[in-house]
Every structure is written in C-alpha cells, then in structure tokens.
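# Residue-level structure breakdown
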Amino acid sequence: MPKFLHTADWQMGRTYSRFDTEDGAALVEARYDAIERLAALATEHGCDAVLVAGDVFDAQTVSDRTIRRVFNATRGFNGPWVMLPGNHDAALAESVWTRARRLNAVPDNVHLALESGIVPLPEQGMVVLAGPLTQRHTYGDLTQPFDSIETAPNLLRIGLGHGSVQGVLPDDIDSTNPIAPNRTETAKLDYLALGDWHGVKEINQRTWYSGTHEPERFRNNDAGYVLIVDIEQPGATPTVTRHETARYQWHQWRESLSVPSDLDELLNRINELPEASVLDLKLDGTLTLAGDQKLTDALSIAEAKYRSVTCDRAGLQLEPTEDDIAALHADGYLGEVVQELREGQQAVNADDDAEVARDALAILAGLLISNDTEVAQ
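Figured I'd write up the structure that's included with this text. Small disclaimer: the values here were computed from a predicted structure and weren't measured.

Once that is clear, we can look at the overall build of the chain. Broken down by element type, the chain carries nine helices and 17 strands. By residue count, 52% of the 377 residues in the chain fall in the buried class. Sequence-distant contacts in the chain: of pairs separated by 6 or more residues, those separated by 24 or more amount to 71%. For the chain, the accessible area works out to roughly 17900 Å², and carbon and sulfur atoms hold 46% of it.

Have a look at this one:
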C-alpha cells in the first residue's frame, strides 16, 4: 500500500517585519521546526515519499544559509523527497534551485522537479508527474501535459502541481497559473497534490491542497497541516488524513465594545488562548476610563504570555462615567481639560485629532490615578 506525505508552501526565507524582532525571529524558526516535524511524521507513519507542491522558498534571493538550513531540516526522513518549484521559487535559468545545486546542499534523496515530466519512484510503487513553474506567472495549465504522459500500469500516477484550480477557489485568488478542476480524470491520476492555497482544501477525492506547514498570516483557512495519503493500488480511492505541524496559532479579531460585559467577554477569550498564539486585535466602540485601564492591564499580561499581541485601539472612544470623573479628582482646570478631551473625541472631520484626544485622555487619567495611588501610600 503506497503511502506518501503531501505538503506545500513552506516559503522559507520569508520575514515578519510587522512584528518585533524577537517575535519575528521566533516565527521564522517555527517554519524550520515544522519541516522537522513533518519529516518525523513521514518516518513515524511509514511514508514512502514526501511530495512538496511548490514554494519551498519565499524568493529567489534567499540567503545561502536559508538554502542549507532547509535541506538540513529534511534529514528526519530518509526516503525520497520530490520538490516542485512554485511561483515564488520558479525554475528560472538561474534560480534558488541552481544555487542550491552549486552549494552542493541538495541531499541525494531529494529530487528537484525542475522540468515538466516524470519523477519515477518504482521502489515506492509510484511515479510523480510534475508540472513546475518556470516563471512566476503563466496563463496556461502546466498540468495539461499529464494527459499524454504514459506510465507503467502497476505504478500509482501522482500529479504534482502549483496554481489555482479554476472555478473553485475564491474570486480574489489570482487567475494566473490555472489548473483544470477535472485534471485527475483527464490524466487518469490517482492523486493530484497541489500547492498555492495556504490551507487544507479538498477539491475532490483525488485533488487536494495541503496548505502551508506553519501559518504565516491571519486567515482562517486550516493552515498548519500536512496530508498523509494512502492508496491501496492504482485506481483505488485515496485515504487522506491531515496531521497538524503548526507551532503557532494566528488569531485576528475585530471587536466592537459598547457595554462592560463586552470587554469582560473579550478578556476571557484572550485569557483562554493557547500560549503559542499570535493575536491581532482591532477594537472600536466605547470604553469607560476604568474599562480602558482594565484593557491596558490585560493586554500587558497577554503580551508577556503569548508569542505576539498587537492591538489597534484607534476606533475606541473613551466615555468617562461620573464615577470615573470623581475618581480622578479632576477639579478646576484639570476638570476643564478632561471635558475638552472628551469633546475632542467627537471630531467629525479630523480622525487624527480625535485619536490624539482619546490617547491624551487615557494618559491624563492614568497619571491622575497613579498620583492618587502614590499620595495614598
């Protein structure tokens, strides 16, 4: 019973400039760790091969160190690997792949499918039909030649491609690098392993996207898995199981706050996240001064607990209650300043001014509360 692991879209060498240096470095390392985990999975489950359906590298210009580290990370599986160039690492005349060969970084058990055709794996009971990208974008279906490729009848016909299945993926997906949705039928494939869509997605029983092995963006599309595929014999229906390889979970929440219970519910949800989380918050609505301080304290704790926490509070307005104002002891001039800042948040045609007023009110409230606490001590 031939069995193989299907993965794609590693995009090694990508950076995370939107994050702090420490967090960005940890996210980069997680991608190497995920390669090691999938190699261990392939060994543990007795896979005959590992197929990587494109975008092993994020760009042609990745460093030599990145190239070497990627191939070093594959050592946990001694069987054959088949790696396909995608749109990020297309098989140009001079490419990341030719550099890898010059560096002598490619292990003997790694097959680079740099040309359209077949990669025979007779000992594993299969032949891989490869449709590599030789430029970043194409407008022809690179899996179409599979229809006319003949292979031994006793070997599984496994297609390996990278692109967009037409009429299936969301409308905002690029129309370049098209793939026919019925390619497994026209080419009599036992399975078509695809890359380019970064989450697990079943097109039909024989056509799957594995998604990326480690999430790298805020999109809820089942990223962070690999697929292990069992096919008893040529023509049999594949059994596809997914296995998690992700270290970090990425969460992007857009929340509107209006009453205290909204804030309490949000903070409870944050507190229940697993520690290996990357959280991006964008908040709007209103908060009392006490609520704003509660949010600030909770985010400070979360930033130390999770991998990364970012929060855009520009859409929040502070609406101090009478208790808030009384707690500030802001009489006289200070009381007038607090009132002006409260009104400043209502600026209709000056979003920047409204944000400045909100931030200033929060800072002033914090200073006044801190001062009262010091006096009390």
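So, next bit.
Attention now goes to the sheet that holds strand β17 (residues 308-318). Read across the open sheet, the three strands follow the order β15-β16-β17; overall the sheet is parallel. Each of the sheet's edge strands pairs with one partner strand only, and the pair in question is β15 (249-257) and β17. Put simply, the sheet's adjacent strands are angled 5 degrees from each other on average, direction ignored. In terms of strand pairing, β15 meets strand β16 (residues 277-287) through nine bridges, oriented parallel. Paired with H251 across the two strands is L279, which belongs to β16. Of the strands in this sheet, β15 and β16 touch helix α5 (residues 260-271), which is tilted by about 175 degrees from β15. Across the sheet, helix α6 (residues 289-305) touches β16 and β17, and the angle it forms with β17 is around 170 degrees.

What follows is about the nonpolar core. By size, the foremost hydrophobic cluster in this structure holds 34 residues, and its most contacted members are W10, F57, F71, W81 and M83. Looking at this core, the elements with two or more residues in it are α1 (21-44), β2 (49-52), α2 (64-72), β3 (81-83), α3 (96-102), β4 (110-112) and β13 (225-230). Ranked by residue count, the leading element in this core is α1, at six residues. Sequence-distant contacts of M83, defined by excluding residues within four places in its chain, comprise W10, V52, V56, F71, T74, W97, V110, H111, L112 and A113. Ranked by size, the runner-up nonpolar core spans 26 residues in total, among them V82, L156, A193 and A236.

Okay, the pattern of salt bridges next. This model, assessed by the stated rule, comprises 17 salt bridges. R242 is the salt-bridge partner of D222, the closest N and O atoms lying 3.1 Å from each other. Of this pair, D222 sits in the loop between β12 (207-209) and β13 while R242 sits in strand β14 (residues 239-244); the two residues are 20 residues apart in sequence, bridging distant segments of the chain. The partly exposed category is assigned to R242, whose relative accessible area is 41%. The shortest N-O distance in the salt bridge between R313 and D292 comes to 2.7 Å. With R313 in strand β17 and D292 in helix α6, this residue pair connects regions lying 21 residues apart in the sequence. With respect to burial, R313 and D292 carry one shared label: buried. Several salt bridges share partner residues, and in doing so they unite R14, E216 and R217 into one network.

The subject of this paragraph is the packing of aromatic side chains. Summed over the entire model, instances satisfying the criterion amount to nine aromatic pairs. Taking the centre distance of 6.0 Å and the plane angle of 70 degrees together, the rings of F77 and W81 count as edge-to-face. By relative accessible area, which is 5% here, F77 ends up buried. A residue is classified by how much of its surface remains accessible, and W81, at 0% relative accessible area, is buried. The structure contains a cluster of three or more aromatic residues connected by ring pairs, namely Y16, F19, F218 and W250. Above the ring of Y225, the side-chain terminus of R242 is found at 4.5 Å from the ring centroid. Directly above the ring of W253 sits R269, whose terminal nitrogen or CZ lies 4.0 Å from the centroid.

On to the sheet that holds β3, then. By definition, the strands of a sheet pair up through backbone hydrogen bonds, in either a parallel or an antiparallel sense. A sheet is described by the order of its strands in space; here six strands give the open sequence β4-β3-β2-β1-β13-β14, paired in mixed fashion. With partners counted over all chains shown, the strands left at the sheet margins are β4 and β14, one partner each. Within the sheet, the average angular offset between the axes of one strand and its neighbour, ignoring direction, is 20 degrees. Those strands touched by α1 are β1 (3-7), β2, β3, β13 and β14, and its axis lies near 165 degrees from that of β1.

Rules used throughout
Residues numbered from 1 in each chain as written. Predicted model: local features only at pLDDT ≥ 70, side-chain atom pairs only at ≥ 80, totals over all residues. Heavy atoms only, no water. Helix = DSSP H or I, 4+ residues; strand = E, 2+ residues; numbered from the N terminus. Buried < 20%, exposed > 50% of the residue type's maximum accessible area, 1.4 Å probe, protein only. Contact = heavy atoms within 4.5 Å. Areas by Shrake-Rupley, 256 points an atom, 1.4 Å probe, with all protein chains shown as cover. Pairing = 2+ DSSP bridges. Axes fitted to C-alpha atoms, helices over the stretch in contact; angles between N-to-C directions. Core = buried A, V, L, I, M, F, W, Y, C linked by side-chain atoms within 4.5 Å. Salt bridge = Lys/Arg side-chain N within 4 Å of Asp/Glu carboxyl O. Phe/Tyr/Trp six-rings, centres within 6.5 Å; stacked < 30°, edge-to-face > 60°. Lys NZ or Arg CZ within 6 Å of the ring centre and 35° of its normal.

These results come straight from atomic positions and should not be treated as a statement about function.
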